[in-house]
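Coordinates in review
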Amino acid sequence: MAKKPDTDSFIEMFASFGRDLHMPTMDVDKILDHHRKNLEALEKAAKSASTGASDVFSKQREILQSTLQEITQMAEQMRAPGNPQEMVGKQAEFARKSFETAVKNASEIGEVMRKSSTETIDILRERIREAMEDMQKGYGRK
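Attention in this report is confined to the structure presented alongside it. (Residues numbered from 1 in each chain as written. Predicted model: local features only at pLDDT ≥ 70, side-chain atom pairs only at ≥ 80, totals over all residues. Heavy atoms only, no water.)

**Brief notes about the overall build of the protein chain**
Secondary structure assignment for the protein chain yields 3 helices and 0 strands. In sequence order, the secondary structure elements of the protein chain are arranged as α-α-α. Buried positions account for 11% of the 142 residues belonging to the protein chain. For the protein chain, restricting intrachain contacts to residue pairs at least 6 apart in sequence, the fraction spanning at least 24 positions comes to 77%. (Helix = DSSP H or I, 4+ residues; strand = E, 2+ residues; numbered from the N terminus. Buried < 20%, exposed > 50% of the residue type's maximum accessible area, 1.4 Å probe, protein only. Contact = heavy atoms within 4.5 Å.)

Next up, the structure:
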């Protein structure tokens, strides 16, 4: 018959070995808490990024609707009788307004994207700062 080991499990055997060598113990609850906080920060960052993407899509939809309305108005004005100089003037005015609107819209979308990415990075940056503080506290203990 096989001889039964003195300890009940390998885990207890290694824990006993570590205690005998005076190795530092691991606080499993703290390790799990650390990873839980990491996952929570990633979840917040993902939500922030998702909200930002949704805001960008909403802004793009608004821009498309506005652009389609302007094109429709221009097409209606072009159908009205008038002399060629007025038509060219209307086309030039439309082109100028279109360019100004495109620049304004690009700026607004860029701002929405910047805000979203800044919020997301700030969430992750804060979690990294907290993790570094936790590690420093852990190294400070004897």
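**Some points on a nonpolar patch on the surface**
On the surface, a cluster of nonpolar side chains totalling about 580 Å² of accessible area is made up of F10, M13, F14, F17 and L21. Of note, F14 is situated in helix α1 (residues 10–20). (Patch = residues over 30% accessible without salt bridge, like charges linked within 9 Å, V, L, I, M, F, W, Y side chains within 5 Å. Areas by Shrake-Rupley, 256 points an atom, 1.4 Å probe, with all protein chains shown as cover. Salt bridge = Lys/Arg side-chain N within 4 Å of Asp/Glu carboxyl O.)

**Quick look at the pattern of salt bridges**
Oppositely charged side chains are able to pair whenever their charged atoms sit close together. The full count for this structure, using the stated rule, is 14 salt bridges. We note a salt bridge from E40 to R36, for which the minimum N-O separation is 2.7 Å. With a gap of 4 residues between them, E40 and R36 both fall in helix α2 (residues 28–79), about one helical turn apart. Residue R36 is classed as partly exposed on the basis of its relative accessible area, which comes to 39%. The partner of R114 in a salt bridge is E111, with the nearest N and O atoms 2.5 Å apart. Of this pair, R114 and E111 both sit in helix α3 (residues 84–140), separated by 3 residues, roughly a single helical turn. Taking the relative accessible area as the measure of exposure, E111 reaches 41% and is therefore partly exposed.

**Topic: the side chain of S116**
Tracing the chain through its elements places S116 in helix α3. By relative accessible area, S116 is classed as buried at 10%. Beyond its immediate stretch of four places on either side in the chain, S116 contacts S48, A49 and G52.

**Overview of the environment of I63**
Residue position: I63 is located in helix α2. Look at I63 and you get buried, because its relative accessible area is 16%.

**Concerning α2**
An α-helical turn contains 3.6 residues, so any two residues separated by three or four positions project in the same direction. Between the first and last C-alpha of α2 there are 76 Å, a value that for 52 residues agrees with the 76 Å anticipated at 1.5 Å per step. Every buried residue belonging to α2 is among A41, A45, S48, G52, V56, K59, I63 and M78, and all of these are buried. (Expected span 1.5 Å × (residues − 1).)

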